[in-house]
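Coordinate inspection notes
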Amino acid sequence: MKTKLITALAVLGSLLLPIAGFAQKKPHIIVVTHGQVSDSFWLVVKNGVDQAAKDSGAQVDYRSPEKFDMVAMSQLIDAAVASKPDGLVVSIPDADALSKAIQAAVKAGIPVISMNSGSDVSKKLGCLMHVGQEEYVAGKGAGERMKAEGVTKAVCLNQEVGNAGLDARAKGFKDGLGGDVEVLAVSMDFTQTRNAFAGYLQKNPDVQAILALGPTGAEPALQALEQAGKAGKVKFGTFDLSPTVLQALSKGEMDFAIDQQQFLQGYLPVIFLANYVKYGLLIATDSVPTGPGFVTQQNAKQVIELSKQGIR
Amino acid sequence: MPGGENGVFASAGRFRRNFLEGRMANLRKLMVRPELGAVTALIAVFIYFAVTAGSQGFLTTEGTINYLEVGAEHGILAVSVALLMIAGEFDLSIGSMIGAAGMIIAIPVTKFGWPPWLAILVAFAFSLAVGYLNGWLVVKTRLPSFIITLASLYLLRGLTFGLTIALLNYTRASGMGSYLNGDPLVTIFSGAPLGLKISIWWWAGLTLVLGWILFNTSYGNWIFAVGGDAQAARNVGVPVARVKISLFMLTAATGTLLATIQVLDTGSTDVLRGELAELEAIASAVIGGNLLTGGYGSVFGATVGALILGMVQQGIFYTNIDTNWFKAVLGAMLLAAVLLNNYLRQQALRSQ
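Just so you know, these numbers come straight off a predicted model, no measurement behind them.

Our next topic: the environment of A:Asp86. Residues and elements named next belong to chain A. With respect to the secondary-structure elements, aspartate 86 resides in the loop between helix H3 (70–82) and strand E3 (87–91). When its relative accessible area of 18% is taken as the criterion, aspartate 86 is described as buried. Linking aspartate 86 and valine 121, residues 35 residues apart in sequence, is a C-alpha distance of 22 Å. When sequence neighbours within four positions are dropped, the list of residues in contact with aspartate 86 reads Lys25, Lys26, Pro27, His28, Ile110, Pro111 and Val277.

Encoded structure:
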C-alpha cells in the first residue's frame, strides 16, 4: 500500500515537471493584422510569424478579422490587451480607428511593434519601431521607373479601397510618374476584377502602363490582358509577388514586381519582441525597411520556387 | 378524521400533487419560451470558454467588456431584425445602411464643416426614408422582402462607394475627432458610462423597450399576427402595411444608430463599413430562437443570440486555436448552439 502511494506520487510529480518547465515563461506574443490568411500575401506573413515562433521559442498567436474591418480589428487588439501578452505586433492601415486600442496596449505596458502599414503614425502611437516598406516611397520608385521608360499615362488598380497603405502607394506612383494616373477601384474577387479591367481596356485601348497594388489585382488584370491580346505589349508592374506574377515576369508579360518581403514583416517583429522580452535587447532604430526590392525577368526564376512555398 | 379519502393526509397528498403539477406546468411553459434554449446555449458556451480560456483573459474585466461590445454591435441590429422576422420579413440592406449612414455623417462634417448633430439628424432622416421605401416596395409589390432588400443592399453600397470617391477621391473619411467637442448630440452616442461603451447601454435599452412593446402592446400583437398569417390579420383589421413599413424603418434606424456610434468612436469611416452585418444580425436572431418563417420569437432571445455570437467570436481569440481554423470553429459552435436550442424547444413541446 505504501509503495503504491509513493509510486503514484512519483508519477504525478514527474507529470508536473513538464508543466513546471512550461511555467518557466515562454514569451507570449500576439500578432493582430488586418489581412486575412485567405489572401496569398498575408499567408506569407503568417508563415514568417510561424517560423519566428519556432526559431525564438515564443508562443505566438496570429489574429485578424474575417474581412477588412477596422472596427473588428480594434476589438481584436482590445482582446489582445485583455489577455496580457508579453508583446504585440500590429499593422496600422487606419490610424484613426486603431489608435485608441494601440495606445491602450502601450499604456498597459505591452511593447508594441507595428508592421506593414502605418509607418507615419507608428512612433506617435507609442510603438517601439516599424517594420515594413515605406509605401509612398515604393510607389514613387515604381512611378519614376516607369517614367524613365517613357510612360506618360497609366492606370492604377486598387483592390482594397480604404487601406491607407495602398492609397499611399497609389499617391507615390502618381507623384513619381508626374503624369496622368487614373485609379481604378476593384475588389478582392478575381472574376469581378478581371471583368472590370477588361471593360476598362475596351474603353481605353491606348493605355500605356498598368500598376497593380497587389497580386489580387494583378492576376485578374493579367488574364484580361491575355484575353485582349495585349499581354507583353503594355508596361505592367505590380506590388508584391505571387506564383502567377512570377511566371508572368519570367515570360516577359510583366515588367517588374515590387517585393516588400512580407515574410520578414511577420518574422522580424516576433524575433525582436522575443529577444526584448527575454533579455531586454532591442535594436536602436525606428524603422526597418523590408523593401522595395524589384523582381524582374532576370531574377524571377529564383524567386518562383520560394513563392510556391509561401516564403516570397 | 386523519385517514380515509377525505382525511387530512389524503387531502394533503392531493394538495401536494396539484402543487407539483402546477409547478411542472409552469416549468413546461417556461421551457417552450423561445429564450430558454438560447439561455442554455449561452451558459454552455460561457462554461466552455471559461474552462479553456479563462486564465488567458476571457474571465478578466477587459475580456468581458470586449465580448459585450461585440455582442452589443450585433444586438443593436438583432433586436429590430427580430421584430421584422417575427412579422415575416427580412432586411438584408442594413449592412449597406451602416456604411451609407457613416459616410453621411463623416463627409459633411470633415469636408463641408457641418456641425455633427446636423449630420447625425440627416443620417437618421435618410435611413427612415430608405426604410419606408423598402417597406413600401415590399407591401406594394408583394415580392419577397429578401429580393427587395437585396437590391437595396447593392444600391446603397454602390451609392456609398460612388459618391464617396467622387467627393473625397478616397475611400475613407477620417479626422472626425477634432469636430466633436461641445456638440449636443455627440454625448448620447459616444463615451463609456461606468466603463461600458455606450453601445452596450443602447443595446440594453433597445432590448427592454422593444421587448416590452412586443409583449405588452397591441402593436406587438399585430407583429405576431402579421407574421403568423398576414391575410387573416388583415381580415381582423390589423394595419398590416403600416406594421411592416414601420418595422423596415426601425431596422434602418438601428443600422444608423450603430453607424453613428462607430463613427464617433473610431473617428473615421470607410466605404466597407458594416459589410455582412445583416447576416450576423439574422444569425443572432435565429440563435436566439426566432423562426426564419416568422410568427414566433422574442426580442430577449435575439439579444441572447447576439451575446452568444459575440462571446464565440471573441472567445475563440483567447484559446490557443490557430487562426487558420477560426471560421470552422465559429461555424461549429454556432451550429451546436442552434441545435441545442432546437432540441430543448422540441423536448418542451413534446412533453406538453
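On the side of chain B, 41 residues touch chain A, which itself brings 32 residues to the contact. Joining chain A to chain B, the criterion identifies two salt bridges. Ionic pairing is found between B:Arg172 and A:Asp94, a salt bridge with its closest N-O pair at 2.7 Å. Applying the counting criterion to the chain A and chain B interface returns twelve residue pairs in polar contact (both at pLDDT 80 or more). For the side of chain A that touches chain B, the secondary-structure elements that each account for two or more residues are strand E2 (59–63), H3, helix H4 (95–107) and helix H6 (164–177) of chain A. Of the residues forming the side of chain A that touches chain B, the biggest block, eight residues, is contributed by H3(A). Here the side of chain A that touches chain B is composed, by residue class, of 16 nonpolar, five polar and eleven charged.

Residues and elements named next belong to chain A. Note that alanine 104 resides in helix H4. The partly exposed category is assigned to alanine 104, whose relative accessible area is 33%. Residues alanine 104 and isoleucine 271 lie 167 residues apart in sequence; the distance between their C-alpha atoms is 23 Å.

All names here are of chain A. Taken in spatial order, the six strands line up as E2-E1-E3-E4-E5-E11 in an open sheet, and their pairing is parallel. Unpaired on one side and paired on the other, E2 and strand E11 (287–289) mark the two borders of the sheet. With direction set aside, neighbouring strand axes in the sheet form an average angle of 15°. Bridging between E3 and strand E4 (residues 112–115) involves four bridges; their strand directions are parallel. Bridge pairing in E4 places leucine 88 opposite valine 112. Where H3 meets the sheet, its contacts fall on strand E1 (28–32), E2 and E3, and the angle it forms with E1 comes to roughly 175°.

Conventions used here
Residues numbered from 1 in each chain as written. Chains lettered and ligands numbered in written order. Predicted model: local features only at pLDDT ≥ 70, side-chain atom pairs only at ≥ 80, totals over all residues. Heavy atoms only, no water. Helix = DSSP H or I, 4+ residues; strand = E, 2+ residues; numbered from the N terminus. Buried < 20%, exposed > 50% of the residue type's maximum accessible area, 1.4 Å probe, protein only. Contact = heavy atoms within 4.5 Å. Salt bridge = Lys/Arg side-chain N within 4 Å of Asp/Glu carboxyl O. Polar contact = N/O pair within 3.5 Å; in protein donor to acceptor, adjacent residues only side chain to side chain. Nonpolar A, V, L, I, M, F, W, Y, C, P; charged D, E, K, R; others polar. Pairing = 2+ DSSP bridges. Axes fitted to C-alpha atoms, helices over the stretch in contact; angles between N-to-C directions.

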